[in-house]
Amino acid sequence: MKFKEKIKSVPRVFWIYAAILLLAEIVVFALRPDEPGLYTHNLQIIPFVIALPFLAVKSVRSNFTHWIYTYSALAFLFLALDYTTADYNGAGHAGLVQIALTFLPAGLFWIALFIRWNYFRFKEPDSRAALILSAFAWGLYAFAFPPMPLGPAALLLLVPWFLVMNRYGRPQAIFATFWSGILYNCINYYWIYNVMHVDAAPSGLILFGLFLLISYFSVYNVLAAYVYTLAKDATIKGKKVFFWLFPIFYAGLEMTRTRGDFSFPWSHLGYAFGNHLELLQALPWIGIFGYTILIVASNQIVAYSFERKAFLQETSILGKVKKIIPNICVPAIIFLVLLIQGSIVLSAPEAVPFYNAEKEENPSIALVQPSITQGMKWSKDRFDSIVNKTLGMAKDSTNDSVNIIVLAETAIPDYIRRQPDVTRRLQVLANRKDSYLVTGALDYKRNPAGSIRKYDIYNAAFLFSPKGQGFQRYIKKHLVPFSERIPFDDIFPILNYVDLGEGDFVPGTETPVYAPYSWTPYICYDAIFGDLVRAAIREGSRLMVNITNDGWFGKSTAPYQHLNLVRYRAIENAMPVARMANSGISVFIDQYGHFDMNTEIFTDAVIQRKVPLKTRDTLYTKIGDAVETALLWFFLFFFIASFVTCKINKKFRAKA
């Protein structure tokens, strides 16, 4: 149907409806209050009230989709005008009622469509079969990440998922992938639920946020499935070019989770081998995304063997087995190559655990793990006892040879500038031990009058030097989305008025390298971002000191998952790590990934040893930035090119 014909087919009552709605929005817009930031203005409900009676008209009701999209589009238009035309100190201006009425009706409509779509999919036998296979694959893959035991099986675990995408239609594949993605991400991130036991935000809000987070991550699985169904049908001169390049696309998809305000690069597929040190020694050459490519390619090749014509046309069982043996051997070959290469690397004299640690240039580092439970940590009544315990352990349980004493993230649970007595005690301890002392605490900066934020608040680490007069400060650079910061609050300053119980921190911008041991501090999950580690190495850093607090997540898999990610960064960049976690796991890691003196979670402990500094460079440290940028561009190119090629092929087939 041509555009003019579409316009003529719209009932006249729709034009009346749109005109009245537009007039109502103009009137309400003109009456908006003169208030900064977010405001409440109940008159903004009028356009919605006016829109409802039109549903009594049969021709409108039968075109409900047009009705709701017309309403939502006009509401969004005036919401945008409200935000952009009244600038209050750079923060914008928007009504809470308008925001709710812009997004809730369309959102509820989409949820209803989603439920309806799932209902019909579930009634279909092919969709149910696809769901069982896909859930089996992704459910088991969630048990491949440390501390779970299925790591090496990752080379085969996703075969059922690829079979689903090869054998069933796109609707069935997407349906199965979404719900199996929900299962996979629930197993991976269930521990976020434990934040509800801490009075940081309303429990219901945290539970709702967890549901949204898991759904959001599951969309990544869906996007991968959608693009795969494009790639397997998109051919260039009869060649399945996109099909065989899909593993690289998947790595690019994972890369999108490492950039931007929503970055949360926690469960890349390549992290599955963390329990087996020998299998990780290719990281200095191919990095984490190289491992993802190997895993995806392995599963894809095995699944493809079941779809080849030679296999399908073979009638005998023995014949079928012979046809698939070459492809089934691929996971075993990848495993053996990684194992042999890793064993050779680790057999070198310099690869023995903590080689040459006793050299004079290497610092003796003490990690002080007081295991303060999260519920107690921010209690004002317990502040003195928490500080006394932490500093007491540092004073009494570290020997005189210590060069760096490391306390946990927010070991001082307050703004350090408001605690001059504690600051003095930290300096006294550094002087008495003749040692550098690093501790986590909060900090702030008062902004000029009229600023959107009265204060900038920082999650920071502070370094006290022996015989020093003051401290040096490092500010956490990657803030956890919605926990420490509302994403895009710098682009849309009005978001600074939103209070969901988050920390509302401001990210840092500097990567320091501290003398005399050329080391760099990292707070919490700063340490899992490869670009930050590589940036520090380029500045001359030879040691990573990671302070964190995983106590938020209780006795769960989270501390082990977090440790696994840090271990990958250590091996990838040959960067030794001293990792101090408030409630564990605290540990020393050398540049080949060996652990030493691992603490148990939720135990009091002080561990100390000499840590050898970085002595070698890796290929991935040099090329990692370029590789990861290239993966992002490849992701975009692959998505567009496979879509366009698939559409072109479909048109040619239709003409033929």
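Reading the values: rules and limits
Residues numbered from 1 in each chain as written. Predicted model: local features only at pLDDT ≥ 70, side-chain atom pairs only at ≥ 80, totals over all residues. Heavy atoms only, no water. Helix = DSSP H or I, 4+ residues; strand = E, 2+ residues; numbered from the N terminus. Contact = heavy atoms within 4.5 Å. Core = buried A, V, L, I, M, F, W, Y, C linked by side-chain atoms within 4.5 Å. Buried < 20%, exposed > 50% of the residue type's maximum accessible area, 1.4 Å probe, protein only. Patch = residues over 30% accessible without salt bridge, like charges linked within 9 Å, V, L, I, M, F, W, Y side chains within 5 Å. Areas by Shrake-Rupley, 256 points an atom, 1.4 Å probe, with all protein chains shown as cover. Salt bridge = Lys/Arg side-chain N within 4 Å of Asp/Glu carboxyl O. Axes fitted to C-alpha atoms, helices over the stretch in contact; angles between N-to-C directions. Parallel < 35°, antiparallel > 145°, perpendicular 65-115°, else oblique. Nonpolar A, V, L, I, M, F, W, Y, C, P; charged D, E, K, R; others polar. Expected span 1.5 Å × (residues − 1). Bend = angle between axes of the 7 residues up to and from the residue. Pairing = 2+ DSSP bridges. Right-handed = clockwise from strand over helix to strand, strands pointing away. Phe/Tyr/Trp six-rings, centres within 6.5 Å; stacked < 30°, edge-to-face > 60°. Lys NZ or Arg CZ within 6 Å of the ring centre and 35° of its normal. pLDDT = per-residue confidence, 0-100. Polar contact = N/O pair within 3.5 Å; in protein donor to acceptor, adjacent residues only side chain to side chain.

Peer 1: Provide a residue-level description of the environment of P353, including the pertinent values.
Peer 2: Looking at the secondary structure, you find P353 in the loop between helix 15 (317–346) and strand 3 (364–369). If sequence neighbours within four positions are ignored, P353 has contacts with D590 and H594.

Peer 1: Quick rundown of the nonpolar core? Include the residues and the values.
Peer 2: With 158 residues, the main nonpolar core has Y141 and F273 as its most contacted residues. With 11 residues, the top contributor of residues to this core is helix 11 (residues 203–231). Discounting chain neighbours no more than four positions away, the residues touching F273 are G151, P152, A154, L155, L279, L280, Y291, I295, L338 and Y568. Of all hydrophobic cores here, the second largest spans 16 residues; its members include Y17, W67, L101 and F109.

Peer 1: Before we move on, could you go through a nonpolar patch on the surface and cite the residues and values that matter?
Peer 2: On the surface, a cluster of nonpolar side chains totalling about 580 Å² of accessible area is made up of L23, V27, L31, L43, I45, I46 and V49. At the level of secondary structure, the elements contributing two or more residues to the nonpolar patch comprise helix 2 (12–30) and helix 3 (46–51). With respect to the helices and strands, I46 occurs in helix 3. The exposure class assigned to I46 is partly exposed, which follows from its relative accessible area of 33%.

Peer 1: A description of the packing of helix 6 (residues 96–123) against helix 10 (residues 170–189) should follow, citing residues and the corresponding values.
Peer 2: The N-to-C vectors of helix 6 and helix 10 enclose an angle of 110°; their axes lie 11 Å apart at closest approach. As the angle between them shows, helix 6 and helix 10 are arranged roughly perpendicular. In this structure, helix 6 contributes F114, W117, N118, R121 and F122 to the contact, and helix 10 contributes P171, Q172, I174, F175, F178 and W179. Each residue belonging to the contact of helix 6 with helix 10 can be placed in one class, and the counts come to eight nonpolar, two polar and one charged.

Peer 1: Tell me what's going on with unusual backbone geometry, and back it up with residues and numbers.
Peer 2: Here the residue pair P146 and P147 is connected by a cis peptide bond, since its omega of 10° sits within 30 degrees of zero. Checked against the element boundaries, P147 lands in the loop between helix 7 (125–141) and helix 8 (154–157). The omega torsion of the bond from A515 to P516 falls at 0°, within 30 degrees of zero and hence cis. Summarising the element assignment, P516 is placed in the loop between strand 8 (471–475) and strand 9 (519–523). The backbone of D434 sits at a positive phi, close to 50°, despite the residue not being glycine. Mapped onto the elements of the fold, D434 is located in the loop between helix 18 (420–433) and strand 6 (436–446). Phi at M597 is positive, roughly 65°, even though this residue is not glycine. Positionally, M597 belongs in the loop between strand 13 (595–596) and strand 14 (605–610). Residue M597 is classed as partly exposed on the basis of its relative accessible area, which comes to 33%.

Peer 1: Explain helix 13 (residues 283–305) residue by residue, including any values.
Peer 2: With 23 residues, helix 13 should reach 33 Å at 1.5 Å per residue; the first-to-last C-alpha distance of 28 Å falls well below that figure. Considering bend angle alone, the principal kink of helix 13 is centred on F289 and spans about 65°. Counting buried positions over the 23 residues of helix 13 gives 17, a clear majority of the element.

Peer 1: Which residues make up the pairing of strand 6, and what values go with them?
Peer 2: Most of strand 6 is tucked away, with eight of its 11 residues classed as buried. As paired elements, strand 4 (residues 404–406) and strand 6 share three bridges and run parallel to each other. What sits directly across from I404, in strand 6, is Y436. Pairing analysis gives two bridges linking strand 5 (residues 412–415) to strand 6, with the strands arranged parallel. When the bridges of strand 6 are listed, Y415 appears paired with L442. A crossover connection joins strand 5 to the parallel strand 6 through helix 18; in handedness this β-α-β unit is right-handed. Sheet topology note: the strand 6/strand 7 (residues 455–464) ladder contains 10 bridges and is antiparallel. Within strand 7, the residue paired with A441 across the bridge is A460.

Peer 1: Residue-level account of the packing of aromatic side chains, with values.
Peer 2: Counted by the stated rule, this structure contains 53 aromatic pairs. The interplanar angle of 80° and the centroid separation of 6.1 Å between the aromatic rings of Y69 and F109 together place this pair among those described as edge-to-face. Of this pair, Y69 sits in helix 5 (residues 64–85) while F109 sits in helix 6, placing them 40 residues apart in sequence. Considering the side-chain rings of Y228 and F243, the 5.6 Å spacing of their centres and the 55° angle between planes classify their relative orientation as tilted. Here Y228, found in helix 11, pairs with F243, found in helix 12 (residues 241–255); they are 15 residues apart in sequence, far enough to count as distant. Residue F243 is classed as buried on the basis of its relative accessible area of 2%. Looking at R257, its charged tip hangs above the ring of F217, at a distance of 4.3 Å from the centre. Sitting over the face of the ring of F354, R609 holds its NZ or CZ atom 4.2 Å from the ring centroid.

Peer 1: Break down the confidence of the model for the chain for me, citing the residues and quoting the values.
Peer 2: Chain-level statistics for the chain give a pLDDT mean of 88 and a share of 90% at 70 or above. Within the chain, the element-level pLDDT minimum falls on helix 14 (residues 309–313), averaging 58, and the maximum on strand 12 (residues 587–589), averaging 97.

Peer 1: Run through the pattern of salt bridges, naming residues and quoting values.
Peer 2: Within the structure shown, the criterion is met by 17 salt bridges. One salt bridge connects E628 with R534, and the closest N-O pair in it is separated by 2.9 Å. Linking E628 in helix 21 (residues 619–655) with R534 in helix 19 (residues 530–538), this pair joins segments that are 94 residues apart in sequence. The burial state of E628 is the same as that of R534; both residues are buried.

Peer 1: Describe the side chain of N549, naming the residues involved and giving the relevant values.
Peer 2: Topologically, N549 is positioned in the loop between strand 10 (543–548) and helix 20 (558–572). Looking at N549, its side chain comes within polar contact range of the main-chain nitrogen of G551, at 3.1 Å. Residue contacts for N549: discarding those within four places in its chain leaves Q374, K377, E409, T410, N582 and S583.

Peer 1: Before we move on, could you go through the sheet that holds strand 12 and cite the residues and values that matter?
Peer 2: Spatially, 9-10-11-12-13 is the arrangement adopted by the five strands of the open sheet, whose pairing is mixed. Either end of the sheet is taken by a strand with one partner, and the two such strands are strand 9 and strand 13. With five bridges connecting them, strand 10 and strand 11 (residues 577–581) associate as parallel partners. Bridged to I547 within strand 11 is M580.

Peer 1: Mind laying out the pairing of strand 9, listing which residues take part and the relevant values?
Peer 2: Strand 9 sits mainly inside the fold: five of its five residues count as buried. Burial of strand 9 is two-sided: the residues W519, P521 and I523 facing one way and the residues T520 and Y522 facing the other way are all buried. Pairing of strand 9 with strand 10 involves five bridges; the strand directions are parallel. Following the sheet pairing, I523 is matched in strand 10 by I547. Read from strand 9 through helix 19 to strand 10, the crossover connection turns out right-handed.

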